[in-house]
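Below are the chains, spelled out letter by letter.
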Amino acid sequence: MRIFYIAQRLFTLPDQVSEDRYVKLRRNMAVLMFLVTLIPLTIMLFINYHQYQSAIRNETINQLRVLENKTKHSFELFLQERLSAVKYIANAYSVDQLSQEDELKNIFYTIQQNFSGFVDLGVINPEGVQVKYVGPYDLEGKDYTGMPSYQEVHIKGSYISDVFLGYRKFPHLVVAVERKDPSGQNWVVRASIDIGTFNDIIASMSLEADSDAFLLNREGIIQTPSKFYGGVLDKCPIDLPPKTFQPAVIEMTDPQGREIFLSYVYFSKQEFVLFLVKECSLLLRSWYALKGQMLVVFGLSVILIAFIIFRLTGVLVRRIKHADERRELAFRELEHSQKLSSIGQMAAGVAHEINNPLAIINEKAGLMQDVLERTDDFKHKEKFLGLVASIIRSVERARGITYRLLGFARRLETNYEVLDVNEILHEVLGFLEKEAEDRNVDIELDLAQNLPKVHSDQGQLEQVFLNLISNALSAVQDGEGRIHIRSWEINENTLGVSVDDNGCGMTNETLRHIFEPFFTTKKGYGTGLGLSITYGIIKKLGGDIKVASKEGVGSTFTIYLPVKTGSAEGTV
Amino acid sequence: MTTMKVLLIDDEQEFTGALAERLELRDYTVQTVDNGEDGLSAVENNPPHIVVLDLKMPGLSGIEVLKRIKSRHPDLPVLLLTGYGSTEDGIKGMQHGAFDYMMKPLNIDELIAKLQEAAGK
């Protein structure tokens, strides 16, 4: 974690808005994903909503139509049967037979046994008087000339009346059939039918409690009891819809303010209209249940989508961020190594070119020294000797610089051997102990026992340790400096060596450039190559180097070395 | 002990001139030439005890000169001079029979020590 933190500090771009950028990216992704998933889902919801709604409505209407049709047929069949029965009686028996009370009774009982609903049976003579009557009322001798049924039957030959009260003040309808006697006089056979039978037919529709079905005549007078719109012979508050012999359904508000489906059909042979009323709310109840389920599914889907998007964008953005960071790191490393390589080439060229003049200066000055030493004393001999010695020393120093430049540039061929890192540290410290003692700097060693031997290059490791420890020495104060050197086994493939000082530390800006060639804080006497060379060597040896530093507190350089070439597992 | 004859082959005359004088001051007999061809003829005409040969020269390269000297005088010690840090060139020269190699700029005392060592062989 620490290593990651350091690496991040080392390689973070100067723009501090990057965190914000990822938050925005995630937000944009989430919004976009939410929209592209939610919009189709919502559209589907609406389409389904309307489709289901119309499907349920159509199904309800169809059911109503079917029921309506069936019921109409039942009514028509019922009436047609009664009419046929009466027609049969009128035509199968002679007027004489029908006029005999016993005969009529027999006929009536037979008909009553075979056809339900017959209340009575009567025969009306050409003068319009009922001459014979069989039934529960005393209607013999009644004059029917004023009755519409009597007039109608002469026109049409047969007749089925509306429901009416008639002489007996009880709702019934009449079926009448005309019959000519041998003399050509028109007799009429009439029968009353109890409308209670109609109720049976309606009951057989097995309607729900809130539904209503009833017959009307073509004037809108109710013929069978209605649950909501009045009793028999009341005027129906709903106006008669346009005439149709096929069941039709209309949606409307009834006089009581209820939303209803009104299914109706006109009878073709009789003057009746069948009304079937169903409350909208009733049939929509199943729709509401379905709508509720749809909304629940929709809600759950939205929650699920939101959750998945939240997790997915989180993972994606985190990956993108990591990829960006890795790319940034790789880019910086590439940039760094390119810088190193181009500077290295230049340095090598410079070193080579300078070598020859240096060699000449060296020999000329050496010759001067030789000559002076072999010359008798003269006025400024000592001074000249001193000057020559100074020239030779400067050449030595220049030689050292070109050596380092070449060493940096040439990436000396690596010579791998099996090495003890602790031993190398001790050897390097041998060079620096004198300086540390003189300056009264405390060097603490914390070297792991039984450290595995590494497969590496001795000369290059020496250079690395020398660079790091001498840097630490330059960073600390005389008298109070403390340098802590530690070696340990990180895992079976990797060793760690750290050099920790309590010196001046580094600013973040310095840290960012610390491994770049020619970057130095030792104004005037540093080449700025030490850490760059160190970095190059460690990378070449297959290891890694990390630095942590705080201004005024100190710095820690940590090296990760592979035990075998190429086995280091880098950051830990 | 007779004076030791040293042949200096280097294109940089300013360098060889000064170095020759210094060696002469230390009782060596020095002959200097500034290219490979002249060096090879000098070896034939006036055989030295030791050759000091710069590897980096225009014309005939130091390695080529070394190979030719060694082909005819396998026992003549040749001390190579290289630019600083050019270890590979020195090692390559030694594989071709050079006695040793030194890096420029030279330390005169080290050079004397090497010459003595070569003479002692």
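Since this is a predicted model, take the numbers as computed values, not measurements.

## Some points on the overall build of chain B
If you tally the helices and strands in chain B, you get 5 helices and 5 strands. Its helices and strands taken in sequence order, chain B reads β-α-β-α-β-α-β-α-β-α from the N to the C terminus. Every one of the 121 residues in chain B was classed for burial, and the buried ones make up 50%. Counted over contacts in chain B with a minimum sequence separation of 6, partners at least 24 positions apart contribute 58%. Accessible area for chain B stands at about 5,600 Å²; split by element, carbon and sulfur atoms hold 47% of it.

## Let's talk about the interface of chain B and chain A
Interfaces are frequently sized by the accessible area removed from exposure as the parts join. Each partner contributes residues to the interface: chain B has 18 residues there, and chain A has 22 residues. Across the interface of chain B and chain A, roughly 2,000 Å² is buried in total on both sides, 53% from carbon and sulfur atoms. The tally of links from chain B across to chain A stands at 4 salt bridges. For the salt bridge of A:Asp370 with B:Arg26, the shortest nitrogen-to-oxygen distance reads 2.5 Å. At the surface where chain B touches chain A, the tally comes to 8 residue pairs in polar contact (both at pLDDT 80 or more). Mapped by element, the contributors of at least two residues to the side of chain B that touches chain A are helix H1 (13-25) and helix H4 (87-95) of chain B. Per element, the largest residue contribution to the side of chain B that touches chain A is 7 residues, and it comes from H1(B). For the side of chain B that touches chain A, the class distribution of residues is 7 nonpolar, 4 polar and 7 charged.

## Some words on the side chain of A:Thr556
All names here are of chain A. Tracing the sequence through the fold places Thr-556 in strand E16 (residues 554-562). Only 2.7 Å separates the side chain of Thr-556 from the side chain of Asp-500, close enough to count as a polar contact. Contacts of Thr-556, omitting those with residues within four sequence positions, involve Ser-498, Val-499, Asp-500, Lys-546, Val-547 and Ala-548.

## Notes on helix H4 (residues 101-114) of chain A
All names here are of chain A. End to end, H4 covers 20 Å across 14 residues, agreeing with the expected 20 Å (1.5 Å per residue, within 8%). All of the buried residues in H4 are Leu-104, Ile-107, Phe-108 and Ile-111. Around the axis of H4, the buried residues are gathered within 100° of arc, so they sit on the same side. Facing away from the buried side of H4, by more than 90 degrees, are the exposed residues Asp-102 and Gln-113.

## A closer look at the sheet that holds strand E2 (residues 28-33) of chain B
Residues and elements named next belong to chain B. Here we have 5 strands laid out as an open sheet, ordered E2-E1-E3-E4-E5, and parallel in their pairing. Each edge of the sheet is formed by a strand with only one pairing partner; in this case those strands are E2 and strand E5 (100-103). Across this sheet, the average inter-strand angle for adjacent strands is 20°, counted without regard to direction. Here 4 bridges tie strand E4 (residues 78-82) to E5, and the two strands are oriented parallel to one another. Following the sheet pairing, Leu-79 is matched in E5 by Asp-100. Taken strand by strand, helix H2 (residues 36-45) contacts strand E1 (4-9), E2 and strand E3 (50-54), and its axis lies near 160° from that of E1. Strands E1, E3 and E4 of the sheet are contacted by helix H3 (residues 62-72), whose axis makes an angle of about 160° with E3.

## Points about helix H5 (residues 108-120) of chain B
Since the α-helix turns once every 3.6 residues, residues separated by three or four places project in the same direction. All names here are of chain B. Its 13 residues give H5 an end-to-end C-alpha distance of 18 Å, which sits within 8% of 18 Å, the value for a rise of 1.5 Å per residue. Inspection of H5 places Ile-108, Leu-111, Ile-112, Leu-115 and Ala-118 among the buried residues, and these make up the whole buried set. Viewed end-on, H5 has its buried residues packed into an arc of 125°, placing them on one side of the element. Within H5, the exposed residues directed more than 90 degrees away from the buried face are Asp-109 and Gly-120. Tucked inside the fold, the buried residues of H5 contact E1, H1, E2, E3, E4 and E5. Put simply, Asn-107 is the residue that caps the front of H5, since its side-chain oxygen is 3.0 Å from the backbone nitrogen of Asp-109.

## As for the nonpolar core
All names here are of chain A. Counting residues in hydrophobic clusters, the biggest one holds 45 residues, and the most contacted among them are Phe-75, Phe-118, Leu-121, Leu-173 and Phe-198. Among the elements that take part in this core, helix H2 (residues 18-92) stands out by supplying 11 residues, more than any other. With near-sequence residues (within four places) excluded, Phe-118 lies in contact with Arg-82, Ala-85, Val-86, Phe-108, Ile-111, Gln-112, Ala-191, Ser-192 and Ile-193. Core analysis: the next-biggest nonpolar cluster, separate from the first, contains 41 residues, Leu-425, Val-441, Leu-511 and Ile-559 among them.

Rules of the game
Residues numbered from 1 in each chain as written. Chains lettered and ligands numbered in written order. Predicted model: local features only at pLDDT ≥ 70, side-chain atom pairs only at ≥ 80, totals over all residues. Heavy atoms only, no water. Helix = DSSP H or I, 4+ residues; strand = E, 2+ residues; numbered from the N terminus. Buried < 20%, exposed > 50% of the residue type's maximum accessible area, 1.4 Å probe, protein only. Contact = heavy atoms within 4.5 Å. Areas by Shrake-Rupley, 256 points an atom, 1.4 Å probe, with all protein chains shown as cover. Buried area = accessible area lost by both parts, 1.4 Å probe. Salt bridge = Lys/Arg side-chain N within 4 Å of Asp/Glu carboxyl O. Polar contact = N/O pair within 3.5 Å; in protein donor to acceptor, adjacent residues only side chain to side chain. Nonpolar A, V, L, I, M, F, W, Y, C, P; charged D, E, K, R; others polar. Expected span 1.5 Å × (residues − 1). Arc of directions from axis to C-beta. Pairing = 2+ DSSP bridges. Axes fitted to C-alpha atoms, helices over the stretch in contact; angles between N-to-C directions. Core = buried A, V, L, I, M, F, W, Y, C linked by side-chain atoms within 4.5 Å.

None of this, on its own, says anything about what the molecule does.
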